[in-house]
Amino acid sequence: MPDDRSLIIGYADRDSVRPGEDIGFAVSCMKLDSFECEFVRLLGCDAGPEMPPFCPAVMAAPEAGRYPGREQPIRAGSYIEVKQSQRLANLGPVTIFANIMPTYINGQPSCVVSTLTAGGRGGLTLRLETDGCLAAILGNPVEPRIYRVERPLPLWRWSFVAVVYDPEHHQLLLVMYPLPSGTHDHAAASWLAVDKVESLARGDGSLLIAAERDDHGFPCHHFNGKIERPRILATALSLDQLGDLAARKPTESVDWPLLADWDLANEQASDVVRDRSAFDHHGVCINKPTRAVQGSNWDGSTMDWRQAPDQYAAIHFHHDDIENPGWQEDLRLTVPNDWPSGCYAARLRGAEAEFYIPFYVRRIAQASSNVAFLAPTATYAAYVNYGVQRQAIEYYSGCLSCYTPLDLMVLELPGIGKSLYDPHDDGSERRIGSLRRPVLNMQPGGRLWNFQIDLCLLGWLAREAPDHQVLTDEDLDKEGLAALDGCSVLVTGSHPEYWSLPMLQAVDGFLARAGRLMYLGGNGFCAAIDFHPQRHGLIEFRRRFGGNGRYGAGEAHSSFSGRLCGSWQTLGRPEQSLVGVGYVTEAFDSCSYYRRLTESDDPRASFIFKGITERVIGDFGILGGAAGLEIDTVDEELGTPGHALVVASSEQHGSSYTRVSPGAALFTSLWNEAPREPVHADMTFFETPAGGAVFSVGSIAWASSLPHAGYANNVARISENVLRRFQDPTPFQMPG
């Protein structure tokens, strides 16, 4: 960040709250001594003169006011913190060993196990140096002593590493064996034996795995890669004994007294790491490293970690992992009882700096609205601080990207983490999406995408159904169908892409009781995720195919639940079977319009186009049209109901909208290959057996056209017509 620029960022401790409940906010200020906080309701985005003026309603709350400003550091990087123990403070003769697979050296040392105190005045560390060579650090009151093996460990390969300290003979032994290893295979090993080493200074009893402490006691030098079965023996082993140990499977027991034995396969959804020794040196994972990953003994016999947990007994750590920065809370709001359900934000201001922390207020128990908006917070969590390679987007779109100040801030503050579309620095995929950190692309301004387009939809909904209720994906996941009690019309966001199984089951139940679903977006209902069973705002998604070749089906089962991730289509639930349409392509240069088809004149669809004489729909809006960004089409082979009406289809999309290939390939192999038919989005309607109905527009851009001309346009009119008929309790009749 430029030294002269003030900045405010922050995050909330949850995403949805009911009147009378509390929500907390943590804030960090740079170059500011104080900040002003007020609470606003968001009913539109700040997209410039082509949109209605951005005037969020300020809500009365006693918690609004000026607060002291302070900078709170962003501490990214995952690791395991073990509670302090006197046994770990004074190690005596000791052997520390583990199987490791380093995946990236980021210009800093990479720690495997450390009892080193702040400043290195005591304790012991086993780590990799900046050149990838194995090293041991012995704490010393004057200056820590460093011993190293002059041979870098290979990246993306398993190795056995160990450090032995023998205080009786003043010896240190540092060893690395490539895995798999044969017993006493010293020719393949690299080691360093040192005599007359100084005595190891006493530590403070703390221990970190995958990190060590800096001079101020904070974690640093995070390990990038996998660590498996780290253990500490209360004895000093010889080189031959270490060779025997390296040849054993990580699941095998040892013949020497254990001081600690961390089982990384235990409780995969939990942050807890159990010590299997008699001393209860249990640890806690910080910043959500990736669990349920293949270990050194994975043999391909299963792809599900639940079937062979010992083959998935490793954890993958990254220096750029982050769940939340762990900031101290600055203020807490008790939501007033008279606030209507909707999207709100804590608006933080100071000097030229401004930041919004959005949250959703749910209805009070006695509210009677029959219209609900489902905020796609799972998708927001997947796209948090989206910074995927702009060069790729420019290649596929055939145009240059426009960087907003918020886009640049994502680059300037890498510690706050990125999206599931941005690989880790070691090239591995990100699998954990968290909303418990500053979210730079959930601001009312910036690029029109996801949250910003959904604000357009909420602005329209506030006009047409002022008493509507709002709930989040996580609410639906946790509460199931009960979250939709009293609701007869469910309205989606513009891009409801990520869905858990409990969410889909709730929508199934909703439609089975004659519910009406308005899918006002595109590329929805297609990616299978899990919410964390205990934590707010945390999702997990694993790609089953493709990627960089380092991940595949062998690690596709969620650590949160064990369920298989990937696309719902490959799991047997294509989105076409639920909403009639499914994702077909995307582009980000310009959007187009729909043209009504003959089925729009079918009496079953007459209510959709009531009062509309035009045949062209949505040839306007800030994005150039209502059809675009990501679009969906019908496909009876994938489950589109046979009686579904395609009432309109888009046309005249640019060449950037190439047809998506199935499987791992993103686009057709030949850039200029002519598709079988012009790429288009389908607007569809069909009735359900219980008397309900589904209306789908098949386009992310649809809602961005709603505010055009003060909501007086045919996109808004069609949406209103469908909403009015869907609110009417008269059952829909299936065609004969």
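In every chain, residue numbers begin from 1 and rise along the written sequence. The predicted nature of this model means local features are confined to residues of pLDDT at least 70 and side-chain atom pairs, given and counted, to a pLDDT of 80 or more, with totals for whole chains, interfaces and linings taken over all residues. As a rule here, side-chain values come from all non-hydrogen atoms in the structure, and water together with hydrogens is ignored.

### With respect to the overall build of the protein
Numbering of helices and strands runs from the N terminus; a helix is a DSSP stretch of H or I covering at least four residues, while a strand is a stretch of E covering at least two. In terms of helices and strands, the protein carries eleven helices and 44 strands. With the radius of gyration taken over C-alpha atoms, the globule rule is written as 2.2 Å times the number of residues to the power 0.38. Its C-alpha atoms give the protein a radius of gyration of 28 Å, near enough to 27 Å, the size a compact globule of 736 residues would have. Its C-alpha atoms give the protein principal-axis dimensions of about 95 × 55 × 45 Å. In the protein, buried positions account for 60% of the 736 residues. The charged-residue count follows a simple rule in which Lys and Arg add positive charge and Asp and Glu add negative charge, with His and chain termini not counted at all. By convention, the point assigned to a charge is CZ for Arg, NZ for Lys, CD for Glu and CG for Asp. Measuring between centres, the 62 positive side-chain charges of the protein sit 2 Å from its 90 negative side-chain charges. Burial status follows relative accessibility: with a 1.4 Å probe on protein chains alone, a residue under 20% of its type maximum counts as buried, one over 50% as exposed, and anything between as partly exposed.

### Observations concerning the layout of surface pockets
Volume-wise, the second largest pocket comes out at about 540 Å³. Around the second largest pocket sit 28 residues that line it, and Ile-74, Arg-75, Ala-76, Pro-219 and Pro-325 are the ones nearest its centre. Put simply, the parts of the chain that give the lining of the second largest pocket at least two residues each are strand S18 (219–220) and strand S22 (283–286). Here the term charged refers only to Asp, Glu, Lys and Arg, the term nonpolar to Ala, Val, Leu, Ile, Met, Phe, Trp, Tyr, Cys and Pro, and the term polar to all other amino acids, Gly among them. Classifying every residue of the lining of the second largest pocket by side-chain character gives twelve nonpolar, twelve polar and four charged. Using a 1 Å grid laid over the protein atoms alone, points where a 1.4 Å probe fits but cannot get out form a cavity; open sets with protein on both sides within 12 Å along at least 5 of 7 lines form a pocket; any residue with an atom within 4 Å of a point counts as lining. Grid points are joined across faces, edges and corners, and a volume is the space filled by probe spheres set on the points.

### Quick notes on unusual backbone geometry
Cis geometry is adopted by the peptide bond preceding Pro-180, which originates at Leu-179 and carries an omega value of 0°. Within the fold, Pro-180 resides in the loop between strand S14 (171–178) and strand S15 (190–194). Although it is not a glycine, Asn-287 sits at a positive phi angle of roughly 65°. In this fold, Asn-287 is placed in the loop between S22 and strand S23 (290–293). Positioned with a positive phi, Gln-652 is a non-glycine residue whose angle comes to about 65°. The residue Gln-652 is located in the loop between strand S42 (645–651) and strand S43 (682–687) in this model. Exposure remark for Gln-652: the relative accessible area of 64% places this residue in the exposed category.

### A look at the sheet that holds strand S37 (residues 566–567)
Strand order across the open sheet formed by three strands is S32-S34-S37, with mixed pairing between neighbours. Here the strands that pair on one side only, and so sit at the sheet edges, are strand S32 (498–499) and S37. Paired strands, in this sense, are two strands between which DSSP finds at least two bridges. Judged from the two bridges that link them, S32 and strand S34 (residues 527–528) form a sheet pairing that is parallel. Each bridged residue has a counterpart across the sheet, and for Trp-499 the counterpart in S34 is Ala-528.

### Quick notes on the side chain of Arg-363
Relative to the helices and strands, Arg-363 is located in the loop between strand S27 (353–361) and strand S28 (371–375). Definition of a polar contact: a pair of N or O atoms within 3.5 Å, with one able to donate and the other able to accept a hydrogen when the atoms are protein atoms, and with sequence-neighbouring residues admitted only if both atoms are side-chain atoms. A polar contact of 3.4 Å, which involves the side chain of Arg-363, links it to the side chain of Gln-469. Of note is the side chain of Arg-363, whose polar atom sits 2.4 Å from the backbone oxygen of Asp-485. Here, residues are in contact when the closest pair of their heavy atoms is within 4.5 Å. Not counting chain neighbours up to four residues away, the residues in contact with Arg-363 comprise Arg-18, Pro-19, Ser-341, Ser-369, Gln-469, Asp-485 and Gly-486.

### Examining helix H5 (residues 405–412)
Regarding H5, the residues found buried are Leu-406, Asp-407, Met-409 and Val-410. Angular distribution of buried residues about the axis of H5 spans 160°; they occupy a single face of the element. To be clear, the arc concerns the directions from the helix axis to the C-beta atoms.

### Quick look at empty space enclosed by the protein
Rolling a probe over the atoms, with the probe sized like a water molecule, indicates the empty space that remains. Following the criterion strictly, the structure yields five cavities of 30 Å³ or more and no others. Approximately 210 Å³ is the volume attributed to the largest cavity. Lining the largest cavity are 19 residues, and of these Asp-407, Asn-441, Arg-447, Trp-449 and Gln-452 sit closest to its centre. Elements that contribute at least two residues to the lining of the largest cavity include exactly H5 and helix H6 (451–464). Here the element with the most residues in the lining of the largest cavity is H5; it accounts for three residues. Among the residues making up the lining of the largest cavity, the classes are represented as nine nonpolar, seven polar and three charged.

### Observations concerning the environment of Phe-588
Within the fold, Phe-588 resides in the loop between strand S38 (581–586) and strand S39 (593–596). Assessed through its relative accessible area of 24%, Phe-588 is described here as partly exposed. Along the chain, Phe-588 and Leu-623 lie 35 residues apart, while their C-alpha atoms are 9.4 Å from each other.

### A closer look at the packing of aromatic side chains
Note on aromatic pairs: the rings of Phe, Tyr and Trp (six-membered ring only in Trp) are paired at centre separations within 6.5 Å, and the planes decide the class, stacked below 30 degrees, edge-to-face beyond 60, tilted for the rest. Counted by the stated rule, this structure contains 25 aromatic pairs. Ring geometry for Phe-35 against Tyr-67: centres 5.7 Å apart, planes inclined by 20°, an arrangement best described as stacked. Within this pair, whereas Phe-35 is found in strand S4 (residues 34–41), its partner Tyr-67 is found in strand S6 (residues 65–68), the two being separated by 32 residues in sequence. Here Phe-35 matches Tyr-67 in class, with each residue buried. Look at Phe-607 and Phe-732: their rings are 6.1 Å apart centre to centre, the planes differ by 55°, and that puts the pair in the tilted class. Here Phe-607, found in the loop between S39 and strand S40 (616–617), pairs with Phe-732, found in the segment after helix H11 (714–727); they are 125 residues apart in sequence, far enough to count as distant. The class of Phe-607 is buried, set by a relative accessible area of 16%. With relative accessibility at 8%, the residue Phe-732 sits in the buried group.

### Overview of a nonpolar patch on the surface
Think of a patch as exposed residues, more than 30% relative accessible area, with no salt bridge, where like charges cluster within 9 Å and nonpolar side chains (Val, Leu, Ile, Met, Phe, Trp, Tyr) cluster within 5 Å. Note that accessible areas follow from Shrake-Rupley with a 1.4 Å probe, and for residues the cover is restricted to the protein chains shown. Note on definitions: salt bridges are taken to be side-chain nitrogens of Lys or Arg within 4 Å of carboxyl oxygens of Asp or Glu. On the surface, a cluster of nonpolar side chains totalling about 280 Å² of accessible area is made up of Tyr-403, Leu-408 and Leu-411. Examined against the element boundaries, Leu-408 turns out to sit in helix H5. We classify Leu-408 as partly exposed; its relative accessible area is 39%.

### Here's the deal with the confidence of the model for the protein
Confidence in the prediction of the protein, expressed as mean pLDDT, is 92, and 93% of residues score 70 or more. On a scale of 0 to 100, pLDDT captures the predictor's confidence in every residue. Of the regions scoring below 50 in pLDDT, residues 661–672 engages in 17 contacts with residues more than four places distant in sequence or in other chains.

### Thoughts on the pairing of S28
Counted residue by residue, S28 has five buried out of five residues, so it is predominantly covered. Alternating residues of S28 divide into Val-371, Phe-373 and Ala-375 and Ala-372 and Leu-374, and every residue in both groups is buried. Direction of pairing for S28 relative to strand S30 (residues 469–472): parallel, over a ladder of four bridges. Within the sheet, the bridge partner assigned to Leu-374 lies in S30 and is Leu-471.

### A closer look at the nonpolar core
As used here, the term nonpolar core means buried Ala, Val, Leu, Ile, Met, Phe, Trp, Tyr and Cys residues forming a set that is joined through side-chain atoms within 4.5 Å. Counting residues in hydrophobic clusters, the biggest one holds 109 residues, and the most contacted among them are Trp-460, Leu-476, Tyr-594, Ile-608, Phe-695, Trp-702 and Phe-726. In terms of residue count, the dominant contributor to this core is H6 (eight residues). Within the second largest apolar cluster, 45 residues are counted, among which are Val-94, Val-112, Val-113 and Val-194.

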